[in-house]
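# Coordinate analysis (summary)
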Amino acid sequence: MEKSCSLLVHFDKGTPALANEIKEALEGNDIPAKIDAMKNAIMLLLNGETLPQLFITIVRYVLPSEDHTVQKLLLLYLEIIDKTDGKGRVLPEMILICQNLRNNLQHPNEYIRGVTLRFLCRLNEVEIIEPLIPSIMSNLEHRHPYIRRNAILAVMSIYKLPQGEQLLVDAPETIEKFLSTEQDASAKRNAFLMLFNCAQDRAVNYLLTNVDRVSDWGELLQMVVLELIRKVCRTNKAEKGKYIKIIISLLNAPSAAVVYARPGTL
């Protein structure tokens, strides 16, 4: 039975020799050729080929690459390959990937850390994710805001998995503390969004505790505040009065976030 697919890209599968050409290019030291080979492998995978013979080659010759484009293509490859068997069990060879992902999460290059964290937002296999939890959480304290922003998104995505609350027991409390000290607008918005989606009571508490500062928050965060107010007011009509002061603050704010609040939605 054919699997459903949300993305279909036309690609001429060609002959079996193409797989051998890809393998040879991946084993070489020519970076542009390696990039083209990874693109061809990904296109074949998207069109239904499995290419099991390439996995070990990619582990040996692609994983160690420091090239940003190669690493980005590697993560795309890892996203689309089958990581489980017919019974839903994670394939043993996926353990080889865990160490590489852990190394990437500790990499001195911010780009590699960031794209790896974004990749983890699209990963559902708990057996692969669990060993990476300490490295993911440590990135919440990274000096670069790009890393912190993506670390929060990874935490949110993992926490929303069926077993996420067991994997990240203290995540809401950790993110709430993060929110109180973070200065980067995008990272702050992501932290509030995590609480909004995963621990709404904490998001509401943070909002009401800091109600006098809402007008100074950036537009990114104010937009999430509006979504939270809509949600709370839809489920509890008696709470509307409590948020009037916040709406007035947003109306007087320098940003234009409030104009996105559609009439009749509060």
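- Named according to an unreviewed UniProt entry, the chain is Clathrin/coatomer adaptor adaptin-like N-terminal domain-containing protein originating from Erythranthe guttata.

## Side note on the overall build of the chain
- Helices and strands together make up the secondary structure of the chain, namely 15 helices and 0 strands.
- Taken over 266 residues, the chain has a buried fraction of 48%.
- For the chain, contacts bridging at least 24 residues in sequence account for 65% of all contacts bridging at least 6.
- Working note: accessible area of the chain is about 14300 Å², and carbon and sulfur atoms make up 52% of it.

## Remarks on the packing of helix 4 (residues 68-80) against helix 6 (residues 110-120)
- Between helix 4 and helix 6, the shortest axis-to-axis distance is 10 Å and the interhelical angle comes to 15°. Considering the angle they form, helix 4 stands roughly parallel to helix 6. In this structure, the crossing between helix 4 and helix 6 has a hand that is right-handed. Across the interface between the two elements, H68, Q71, K72, L75, L78 and E79 of helix 4 pack against Y111, I112, V115, T116 and F119 of helix 6.

## Describing the nonpolar core
- By size, the foremost hydrophobic cluster in this structure holds 89 residues, and its most contacted members are I58, Y77, I136, F192, M194, L207 and I246.
- Among the elements that make up this core, the one with the highest residue count is helix 9 (residues 145-159) (9 residues).
- In this structure L207 touches F192, V214, W217, V225, L228, I229, Y243 and I246, once residues within four positions along its chain are discounted.

## Remarks on the environment of I244
- Of note, I244 is situated in helix 15 (residues 244-251).
- Take I244: its relative accessible area is 46%, and that puts it in the partly exposed class.
- Note: C-alpha distance between I244 and I229 (15 residues apart in sequence) is 9.9 Å.

## Focus: the environment of A151
- Note on placement: A151 falls in helix 9.
- The sequence separation of A151 and L120 amounts to 31 residues, and the corresponding C-alpha distance is 9.3 Å.

## Examining a positive patch on the surface
- Among the surface-exposed residues, K231, R234, K237 and K240 lie close enough to one another that they form a single positively charged patch.
- Residue position: K240 is located in the loop between helix 14 (219-235) and helix 15.

## Overview of helix 14
- The end-to-end C-alpha separation of helix 14 is 25 Å, in line with the 24 Å expected for 17 residues at 1.5 Å each.
- Listed as buried for helix 14 are L221, Q222, V224, V225, L226, L228, I229, R230, V232 and C233.

## Topic: the environment of E110
- Residue placement: E110 occurs in helix 6.
- On a C-alpha basis, the gap between E110 and Y146 in space is 7.6 Å, while along the polypeptide they are 36 residues apart.
- Sequence-distant contacts of E110, that is, excluding residues within four places in its chain, are made with H142, R143, H144, Y146 and I147.

## Structural notes on the confidence of the model for the chain
- With 86% of its residues at a pLDDT of 70 or more, the chain shows a mean pLDDT of 86.
- Looking across the chain, the model is least confident in helix 15, with a mean pLDDT of 71, and most confident in helix 9, with 97.
- For residues 256-265, every residue scores under 50 in pLDDT, and the model assigns this stretch 15 contacts once sequence neighbours within four places are set aside.

## Some words on the packing of aromatic side chains
- Evaluation of the coordinates by the stated rule reveals 2 aromatic pairs.
- On the basis of an interplanar angle of 55° and a centroid distance of 6.2 Å, the ring pair of F192 and Y206 is categorised as tilted. With F192 in helix 12 (residues 185-198) and Y206 in helix 13 (residues 200-209), this residue pair connects regions lying 14 residues apart in the sequence.
- On the basis of relative accessibility, which here comes to 0%, the residue F192 falls in the buried class.
- Between Y206 and W217, the ring centres sit 5.7 Å apart and the planes meet at 15°, which makes this aromatic pair stacked.

Calculation rules
- Residues numbered from 1 in each chain as written.
- Predicted model: local features only at pLDDT ≥ 70, side-chain atom pairs only at ≥ 80, totals over all residues.
- Heavy atoms only, no water.
- Helix = DSSP H or I, 4+ residues; strand = E, 2+ residues; numbered from the N terminus.
- Buried < 20%, exposed > 50% of the residue type's maximum accessible area, 1.4 Å probe, protein only.
- Contact = heavy atoms within 4.5 Å.
- Areas by Shrake-Rupley, 256 points an atom, 1.4 Å probe, with all protein chains shown as cover.
- Axes fitted to C-alpha atoms, helices over the stretch in contact; angles between N-to-C directions.
- Parallel < 35°, antiparallel > 145°, perpendicular 65-115°, else oblique.
- Left-handed = near helix turned anticlockwise from the far one by under 90°.
- Core = buried A, V, L, I, M, F, W, Y, C linked by side-chain atoms within 4.5 Å.
- Patch = residues over 30% accessible without salt bridge, like charges linked within 9 Å, V, L, I, M, F, W, Y side chains within 5 Å.
- Salt bridge = Lys/Arg side-chain N within 4 Å of Asp/Glu carboxyl O.
- Lys, Arg positive; Asp, Glu negative; His and termini not counted.
- Charge placed at Lys NZ, Arg CZ, Asp CG, Glu CD.
- Expected span 1.5 Å × (residues − 1).
- pLDDT = per-residue confidence, 0-100.
- Phe/Tyr/Trp six-rings, centres within 6.5 Å; stacked < 30°, edge-to-face > 60°.

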